[in-house]
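Close look at the chain arrangement
Residue strings, one per chain:
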Amino acid sequence: MVWDRQTKMEYEWKPDEQGLQQILQLLKESQSPDTTIQRTVQQKLEQLNQYPDFNNYLIFVLTKLKSEDEPTRSLSGLILKNNVKAHFQNFPNGVTDFIKSECLNNIGDSSPLIRATVGILITTIASKGELQNWPDLLPKLCSLLDSEDYNTCEGAFGALQKICEDSAEILDSDVLDRPLNIMIPKFLQFFKHSSPKIRSHAVACVNQFIISRTQALMLHIDSFIENLFALAGDEEPEVRKNVCRALVMLLEVRMDRLLPHMHNIVEYMLLRTQDQDENVALEACEFWLTLAEQPICKDVLVRHLPKLIPVLVNGMKYSDIDIILLKGDVEEDETIPDSEQDIRPRFHRSRTVAQQHDEDGIEEEDDDDDEIDDDDTISDWNLRKCSAAALDVLANVYRDELLPHILPLLKELLFHPEWVVKESGILVLGAIAEGCMQGMIPYLPELIPHLIQCLSDKKALVRSITCWTLSRYAHWVVSQPPDTYLKPLMTELLKRILDSNKRVQEAACSAFATLEEEACTELVPYLAYILDTLVFAFSKYQHKNLLILYDAIGTLADSVGHHLNKPEYIQMLMPPLIQKWNMLKDEDKDLFPLLECLSSVATALQSGFLPYCEPVYQRCVNLVQKTLAQAMLNNAQPDQYEAPDKDFMIVALDLLSGLAEGLGGNIEQLVARSNILTLMYQCMQDKMPEVRQSSFALLGDLTKACFQHVKPCIADFMPILGTNLNPEFISVCNNATWAIGEISIQMGIEMQPYIPMVLHQLVEIINRPNTPKTLLENTAITIGRLGYVCPQEVAPMLQQFIRPWCTSLRNIRDNEEKDSAFRGICTMISVNPSGVIQDFIFFCDAVASWINPKDDLRDMFCKILHGFKNQVGDENWRRFSDQFPPPLKERLAAFYGV
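Residues numbered from 1 in each chain as written. Predicted model: local features only at pLDDT ≥ 70, side-chain atom pairs only at ≥ 80, totals over all residues. Heavy atoms only, no water.

Describing the overall build of the protein
- If you tally the helices and strands in the protein, you get 49 helices and 0 strands.
- For the protein, the spread of C-alpha atoms along the three principal axes comes to 100 × 70 × 65 Å.
- Considering only residue pairs separated by 6 or more positions, the protein has 75% of its internal contacts joining residues 24 or more positions apart.
- As displayed, the protein has an accessible area near 39,400 Å², and 51% of this comes from carbon and sulfur atoms.
- Across the protein, 81 positive and 127 negative side-chain charges occur, with their mean positions spaced 1 Å apart. (Helix = DSSP H or I, 4+ residues; strand = E, 2+ residues; numbered from the N terminus. Contact = heavy atoms within 4.5 Å. Areas by Shrake-Rupley, 256 points an atom, 1.4 Å probe, with all protein chains shown as cover. Lys, Arg positive; Asp, Glu negative; His and termini not counted. Charge placed at Lys NZ, Arg CZ, Asp CG, Glu CD.)

What to know about the pattern of salt bridges
- Inspection of the entire model under this criterion finds 38 salt bridges.
- A salt bridge links arginine 254 to aspartate 256; its shortest N-O distance comes to 2.9 Å.
- Each of Asp222, Arg254, Asp256 and Arg257 takes part in a single network of salt bridges with overlapping partners. (Salt bridge = Lys/Arg side-chain N within 4 Å of Asp/Glu carboxyl O.)

Comments concerning the packing of aromatic side chains
- Enumeration according to the criterion identifies 24 aromatic pairs in this entry.
- Between phenylalanine 840 and phenylalanine 880, the aromatic rings sit 6.1 Å apart at their centres with planes inclined by 45 degrees, giving tilted as the arrangement. Of this pair, phenylalanine 840 sits in helix α47 (residues 840–848) while phenylalanine 880 sits in helix α48 (residues 855–881), and the two are 40 residues apart along the sequence. Per residue, the accessibility class of phenylalanine 840 equals that of phenylalanine 880, and both read buried.
- Here phenylalanine 861 and tyrosine 896 contribute two aromatic rings whose centre-to-centre distance is 6.1 Å and whose plane-to-plane angle is 80 degrees, an arrangement assigned as edge-to-face. With a gap of 35 residues between them, phenylalanine 861 in helix α48 and tyrosine 896 in helix α49 (residues 886–896) connect regions that are remote in the sequence.
- What makes phenylalanine 861 buried here is its relative accessible area of 0%. (Phe/Tyr/Trp six-rings, centres within 6.5 Å; stacked < 30°, edge-to-face > 60°. Buried < 20%, exposed > 50% of the residue type's maximum accessible area, 1.4 Å probe, protein only.)

Re the domain arrangement of the protein
- For the protein, the domain assignment lists domain 1 (14–129), domain 2 (269–328 + 380–441) and domain 3 (759–897).
- Placing a centre on the C-alpha atoms of domain 1 and another on those of domain 2 gives a separation of 48 Å. (Domains from an automatic or database assignment.)

Description of the environment of isoleucine 184
- Assignment of secondary structure puts isoleucine 184 in helix α10 (residues 180–189).
- When its relative accessible area of 0% is taken as the criterion, isoleucine 184 is described as buried.
- Isoleucine 184 sits 22 residues away from valine 206 along the chain, and the two C-alpha atoms are 6.6 Å apart.
- Every residue in contact with isoleucine 184, bar those within four places of it in the chain, is listed here: Phe209, Ala216, Leu217 and His220.

Side note on the packing of helix α17 (residues 278–292) against helix α21 (residues 383–398)
- Two numbers describe how α17 lies on α21: the axes approach to 9 Å, and their chain directions differ by 15 degrees. In this view, α17 runs roughly parallel relative to α21, as classed from their interaxial angle. Here the hand of the crossing between α17 and α21 comes out left-handed. For the pair α17 and α21, the contacting residues are Glu278, Ala281, Leu282, Cys285, Glu286, Trp288, Leu289 and Ala292 in the first and Leu383, Cys386, Ser387, Ala389, Ala390, Val393, Leu394 and Val397 in the second.
- Class assignment for the residues of the contact of α17 with α21 results in 13 nonpolar, 1 polar and 2 charged. (Axes fitted to C-alpha atoms, helices over the stretch in contact; angles between N-to-C directions. Parallel < 35°, antiparallel > 145°, perpendicular 65-115°, else oblique. Left-handed = near helix turned anticlockwise from the far one by under 90°. Nonpolar A, V, L, I, M, F, W, Y, C, P; charged D, E, K, R; others polar.)

Some words on unusual backbone geometry
- Of note, arginine 399 is a non-glycine position whose phi angle comes to about 50 degrees, a positive value.
- Mapped onto the secondary structure, arginine 399 falls in the loop between α21 and α22 (403–414).
- Since its relative accessible area comes to 42%, arginine 399 is described here as partly exposed.
- Phi at cysteine 520 takes a positive value of approximately 45 degrees, unusual for a residue other than glycine.
- Tracing the chain through its elements places cysteine 520 in the loop between α29 (502–519) and α30 (527–540).

A look at the side chain of threonine 533
- On the secondary structure map, threonine 533 appears in helix α30.
- On the basis of relative accessibility, which here comes to 7%, the residue threonine 533 falls in the buried class.
- When near neighbours in sequence (up to four residues on either side) are disregarded, threonine 533 contacts Leu494, Ile497 and Leu498.

Things to note about the packing of helix α33 (residues 591–605) against helix α35 (residues 647–663)
- Contact pair α33 / α35: the axes reach a minimum separation of 7 Å and the direction vectors enclose 10 degrees. By the angle class used here, α33 and α35 are roughly parallel. Only Asp647, Phe648, Val651, Ala652, Asp654, Leu655, Gly658, Leu659, Glu661 and Gly662 of α35 make contact with α33, whose side of the interface consists of Leu591, Phe592, Leu595, Glu596, Leu598, Ser599, Ala602 and Thr603.
- Counted by class, the contact of α33 with α35 contains 10 nonpolar, 4 polar and 4 charged residues.

Next comes the structure, spelled out in C-alpha cells:
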C-alpha cells in the first residue's frame, strides 16, 4: 500500500483497490476458528501498522463499505480501536482528522452493530486524552440528540453514554470548561422520550455522576429524583434497572433528598426486587444491602420487615437457569478434570505478626472466609447471593428482632419435600447465623442434628450448602460437650470431604477448615482419623479442590500445633505433600497454597520437619533469588523483560519464616550456607509493600532463631527498618516494629546507636488516634524492649508514651514479649520516676492485668507500687486508690499488698 503525501487527505482519500482486497481477506480470515490462522492474521495486522494509511482503510471498511457484511465491518472498526489504543500518538494528522470526521458522520448508521462500533471508537479516541483536542465532539454529539432521525439520536446517545462512563472525571473538571453544566440538563429532558432505548441511555448517562457528587448534577438533584419517580413504572426492563441503580447510589450520596419519600421508595423497591427480569431484581436487591449499611436503616425498615423478609427469602432459591448452569442434576463428577477457567486466581495474604489475647481467640480482623459463596461458578453475583447477603447484613442490624419474621418461614422451608426449597431454607439459616446467633441458640439442639442429617441428602447442592451453614454455627457446636455435636458433625463432614461430587468436596473442605479454627486442640483425639481422610482426598481430588485441601491441612496444623508432631502423623502427611512439591514447577501458581500449607505444617511440626527442611529451604531461597533477578531485568529493560509475579517471592519468604519459627536454632546451618540475608536486604527495599512486610517478618524470625548470622547486617538493616515505621502501610509498619523489638533483645546495650533511628516514629505511632490494635500492641512491646536494653536513651520520653503504652498492653496474654516489655517499663520508671506520676493509675491497671508474672518481675512491680505509695504518703495514696474500680483495688491489694 502506497500513501502519496501530496494528496490533501481530508475527504479526497481513496483506497487502493488491491490494498482494500488484501485487508478484506485478512478480516475474513481473522473470523476463522483456527488459532494458527488467527496468529498469522495478528502478525500481518502488526506489519500493516507500518503503513500510515492502514487505519484509513479500516475506517473506510467500517463506515463506507456498505456492500460488506456487518460483522466484518464491525471487526474492522474494533481492530482500528486497538490501533488507537496502542499507537494513536503516531497517527499522522490527516489520518486522525479523517477518522474523527468519519466517526461523527456515521454515528447514525442504520445498523445497531455499526453504530455501537463507531461509539466505541469515539470513546476510545476521547479517553486517549483527545477530548481536549476534539473540541467539537461533545457539542456535535449533544446537537445530534435533537435529530428527528431515531438512529442518529440513539447512536449519539450510545456514544455519549460510553464517554460518560470512561471520562467522567475530566468531564467534571475545568480542563473542558465544565460541559456537564449543559449536558446534564440536556440528558434530563430525555427521561420522557418516547423510545425506551433512549430513556435508558439518558438515565445511564446521569447515573455516572451520582457517586462523585458532581456539582452540575447536585444543582438539578430534585428534578433528577422527580424524573426518576416518573419512570418508576417504565415497561422497559433496562430503564427500570437504571432507575433502581440510581436510587441505590442516591442512598449513599443524597440520603437527605430521599428521606421524605422513603416509605414510597421502599414500597417500590419491594416490588422491583420481585421483578420478572432478574437484572432489575438484582439491581433492586442491592438497595437493601446499601440501606442496611446506613445508620437510619433500623428505623426506616422496621415497619416493612414483614413484607421484606419473605421477598428476600424467596430470592434465595436457585432459579431454573442457575440449576442448569450449576449442572445441578449431575450428582457425580469427581472423575471429570477441572477446566482451567474454573479455578479462580488466589491471592496470598502475607504474614502479619500479632499478639495472643485473653479473650477466646476470636480475631477482630474480618476474615471474609464465611462470605456467602456457595456457587462460585455462576456469574459471581446474582439475585440469590445478593438476597442472602442482604439478609446477613439485616440480621446484623436487627439481631434477634428479625427472628419473629424468619422462624415461621424457616419451619416451612427446612422440612419442605422439594429440594430447591429446602436448600434455600438451609441457606437462610446460614445467612442469619452471625446476626441472630443468640436468639437461635434454643433451636440449635434440634436444628444441628437435622442439618447433620442433610449432609447425606441425595442432592449434591443440598449437601454443599449444608456444609456451609454448619460451618457458620461451628462456634456453638464447639462450645457444647464434644460427643453431642462435634463428633457426629466431624464424622459426617469428613465423609463429605470424600464425596463423589466436586462442589460438595469443596464446600466440605472449607467448612472443615472453619471447624478446625473453632475447635483447635479439641480435634487432637481424632487426628489419626482426620489425617486419614485428608490424605485419601489427595489421591481423589481434581485440580481446583486440591488447592482448598492444602488450606484445610494448613489450618489443621495451625489449630493443633505441636500435637501434630508424632512420627505416625508425619508419616501419613508428609509424603503426599512432598510428592506434590516435587511435581510442581517454579512457575506454577499452585505453589502458593502448597507453600502456605507447608509453612503452617513446618511451624507445627517443629523438629519433626527437620528431615524435609533442606530441599524446602533451598527452593524458597531460589524462588526469592529468581524473582529478584527477573525484577532487576524488568527495571532495566521493561520492553525486553516481563515483570515477575512477586507473589512467588512473598510466599517463599513466608515459608522461610515458618521454617525459622518451627525449626528455631536448627535452621542455623541452612542460613549459614545460603545468601538469604543479602536477598532480604533487597526485599526490604522492594517497592511492593507486601514484599517488605514478609521480609520484616522473616527478619524477626531469623533474629530469634540464629542471630549470629543477622548481627553483621544490623547496621545496614536498621535505617531501612526506621524508614518503614510508616503507619500508612499498617502491616509493613507492624512487622518492622516487631522485628526491631526482637533485634533489641538480642543486641542488648549495643542497640544504643540505633535508638534515634526509630524511637520518635514509635512514640508517634503509639499516640496516633485510630491505630489498629495489633500495631499498638507491637509498638508498645518494642518501646518497652528498647527501654529494657537502653533505659538511659528511652526513659526521658516516658511521659510521652506511658499512658497509651499501658492501655494497649493490658489485654494481651502473659508471654515472653509482654514480660520483656514490662521489665523495660519498670527499668525506665526507676531511671525517670517523674515520667509516670501523672498517669500512675494506668500503670497500676496494666500491672494488675498480669495473671502470674515471674517472681523477679513481680518484685519490680512491688517496688514501684510501694515506692510511689511511700512517696505520696498513706493519706494521699488512699485518696488516689479510691478512684480505682473495685476489681483493680482488690487485685493490687491481694497481689502486691498496696
